[in-house]
Amino acid sequence: MINDVYNTRILGYAADIPRIGRLAQPQASATAHSRLCGSTVTVDVALEGDTVSDFAHEVRACALGQASSSIMARHVVGSSVAELRALRETMRKMLKENGPPPAGRWAELEVLEPVRDYKARHASTLLTFDAVVDAIDQIEAKAGAAREATAES
């Protein structure tokens, strides 16, 4: 039932979202939007090497988008680029391919497992993961372009 999706744990995460706002000088910003429900998540990311050193976000989403964004904000700082890419893939597989939920410090995301039965809710749940990986891709593209420019000099 839909009540499994909107349970008290999910609503608790949705009601307590850390790191709300924008960074003064992010290395990249990215927005992910669900056309189906209108949810939007915008993230600002800063990296130090291949590790997230700072993060902020604006979340205009349903309770599921808010809950996934809340959990992301609790653990993203200190996460590696590879870890976040793998996390997005794990979440996608959990929802769309009946895969297992994330483990380790991301184990809280298992609270979103009931969403797999509601395809219309997948996009809003995945917004924060897509936006974070998009921002990381932007940072890496800028770094690659800067290396190429330096090599050509």
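### Section: the pattern of salt bridges
Once the charged atoms of two side chains with opposite charge are near each other, the side chains can pair.
Phase 1 of the analysis: Scanning the entire structure with this criterion turns up 13 salt bridges.
Phase 2 of the analysis: Put simply, Asp-16 and Arg-74 hold a salt bridge, and the shortest N to O gap is 3.5 Å. Here the residue Asp-16 occupies a position in the loop between helix 2 (8-15) and strand 1 (28-33), and Arg-74 occupies one in helix 3 (residues 63-75), the gap between them amounting to 58 residues.
Phase 3 of the analysis: Overall, the relative accessible area of 33% leaves Arg-74 in the partly exposed class.
Phase 4 of the analysis: The network of salt bridges with shared partners includes Arg-22, Asp-44, Glu-58 and Arg-60.

### So, helix 5 (residues 122-152)
Phase 1 of the analysis: With 31 residues, helix 5 extends 44 Å between its outermost C-alpha atoms, agreeing within 8% with the 45 Å of an ideal straight helix rising 1.5 Å per residue.
Phase 2 of the analysis: Along helix 5, the largest kink reaches about 35° and is centred on Thr-128.

### Here we look at the sheet that holds strand 1
Phase 1 of the analysis: Judged by pairing direction, the sheet is antiparallel, and its 3 strands sit side by side in the order 1-2-3 without closing on themselves. The sheet terminates laterally at strand 1 and strand 3 (51-60), the two strands that pair on one side only. Within the sheet, the average angular offset between the axes of one strand and its neighbour, ignoring direction, is 20°.
Phase 2 of the analysis: Note that strand 2 (residues 40-48) and strand 3 share 9 bridges and pair antiparallel. Directly across from Val-43, in strand 3, lies its bridge partner His-57.

### What about the packing of helix 4 (residues 81-96) against helix 5?
Phase 1 of the analysis: Between helix 4 and helix 5, whose axes approach to 10 Å, the crossing angle comes to 155°. Of the possible angle classes, the one that applies to helix 4 and helix 5 is roughly antiparallel. Where helix 4 crosses over helix 5, the two elements pack in a sense that is left-handed. From helix 4, Val-81, Leu-84, Arg-85, Leu-87, Arg-88, Met-91, Arg-92, Leu-95 and Lys-96 reach across to helix 5, where they touch His-122, Thr-125, Leu-126, Phe-129, Asp-130, Val-132, Val-133, Ile-136, Asp-137 and Glu-140.
Phase 2 of the analysis: Partitioning the contact of helix 4 with helix 5 into residue classes produces 10 nonpolar, 2 polar and 7 charged.

### Points about the side chain of Ser-69
Phase 1 of the analysis: Checked against the element boundaries, Ser-69 lands in helix 3.
Phase 2 of the analysis: Beyond its immediate stretch of four places on either side in the chain, Ser-69 contacts Val-41, His-57, Val-59 and Thr-128.

Calculation rules
Residues numbered from 1 in each chain as written. Predicted model: local features only at pLDDT ≥ 70, side-chain atom pairs only at ≥ 80, totals over all residues. Heavy atoms only, no water. Salt bridge = Lys/Arg side-chain N within 4 Å of Asp/Glu carboxyl O. Helix = DSSP H or I, 4+ residues; strand = E, 2+ residues; numbered from the N terminus. Buried < 20%, exposed > 50% of the residue type's maximum accessible area, 1.4 Å probe, protein only. Expected span 1.5 Å × (residues − 1). Bend = angle between axes of the 7 residues up to and from the residue. Pairing = 2+ DSSP bridges. Axes fitted to C-alpha atoms, helices over the stretch in contact; angles between N-to-C directions. Parallel < 35°, antiparallel > 145°, perpendicular 65-115°, else oblique. Left-handed = near helix turned anticlockwise from the far one by under 90°. Contact = heavy atoms within 4.5 Å. Nonpolar A, V, L, I, M, F, W, Y, C, P; charged D, E, K, R; others polar.

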